[in-house]
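An overview of the molecular structure
These are the residues of each chain, in order.
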Amino acid sequence: MANSDRPKGWGPLPDPPPELFYAPPGEPLDDARRTAVLDWRVNQYVALGWRVESRSPTQAVLVRGGNVNHLLHAILTIFTCLLWGVVWIVLALGNRTERVALTVDPVGRVQTVHGPG
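The rules behind these values
- Residues numbered from 1 in each chain as written.
- Predicted model: local features only at pLDDT ≥ 70, side-chain atom pairs only at ≥ 80, totals over all residues.
- Heavy atoms only, no water.
- Helix = DSSP H or I, 4+ residues; strand = E, 2+ residues; numbered from the N terminus.
- Buried < 20%, exposed > 50% of the residue type's maximum accessible area, 1.4 Å probe, protein only.
- Contact = heavy atoms within 4.5 Å.
- Core = buried A, V, L, I, M, F, W, Y, C linked by side-chain atoms within 4.5 Å.
- Salt bridge = Lys/Arg side-chain N within 4 Å of Asp/Glu carboxyl O.

A separate point is the environment of Y45. Examined against the element boundaries, Y45 turns out to sit in helix α1 (residues 31–47). The exposure class of Y45 is buried, given its relative accessible area of 1%.

Written out as structure tokens, the structure reads:
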């Protein structure tokens, strides 16, 4: 895995168990092993705070971040005589969503594609 594809966290990510990548020479991995390789990588992202948005046996889309609850902030702003509006503006401007798609090819390599927020 290239350093730019690694999820940002507290330290180096552990390598997957070698039996996940075992296949007879020159043959692709079977579907169960491809799914296990993807599970390994998805678990690394989930441990760092990402959520699984969609999942298939060979592909997963993960997301980090979320939406601001504008109704709640509007009510708080009204009840605090517009003081909460400053917090609401900061949250709305600083909010961003990150997406990443992970796909396992037949050989067992995980392709990482960073998507739009």
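Alright, that's what it looks like, and here's the rest.
Below, the discussion takes up unusual backbone geometry. Unlike most non-glycine residues, C81 shows phi in positive territory, near 55°. With respect to the helices and strands, the residue C81 is situated in the loop between α2 (70–79) and α3 (84–94). We classify C81 as exposed; its relative accessible area is 66%. For L82, which is not glycine, the phi dihedral falls at a positive 75°. Note on placement: L82 falls in the loop between α2 and α3. Owing to a relative accessible area of 65%, L82 belongs among the exposed residues under this scheme.

Before going further, it helps to examine the environment of R96. Summarising the element assignment, R96 is placed in the loop between α3 and β3 (98–104). Sequence separation between R96 and G66 is 30 residues, and the spatial gap between their C-alpha atoms is 7.0 Å. Excluding anything up to four places from it in sequence, R96 contacts R64, G65 and G66.

In this section: the nonpolar core. In this structure, L38, V42, Y45, L62, V100 and L102 are the most contacted members of the largest nonpolar core, which totals 13 residues. Every element with two or more residues in this core is listed here: α1, β2 (59–64) and β3. For this core, the leading source of residues is α1, giving four residues.

Next up on the list: the pattern of salt bridges. If you walk through the whole model with that rule in mind, you get five salt bridges. Residue D39 is joined to R55 by a salt bridge in which the shortest nitrogen-to-oxygen separation is 1.9 Å. Pair noted here: D39 is in helix α1 and R55 is in strand β1 (residues 51–55), with a separation of 16 residues, a long-range link. A residue is classified by how much of its surface remains accessible, and R55, at 35% relative accessible area, is partly exposed.

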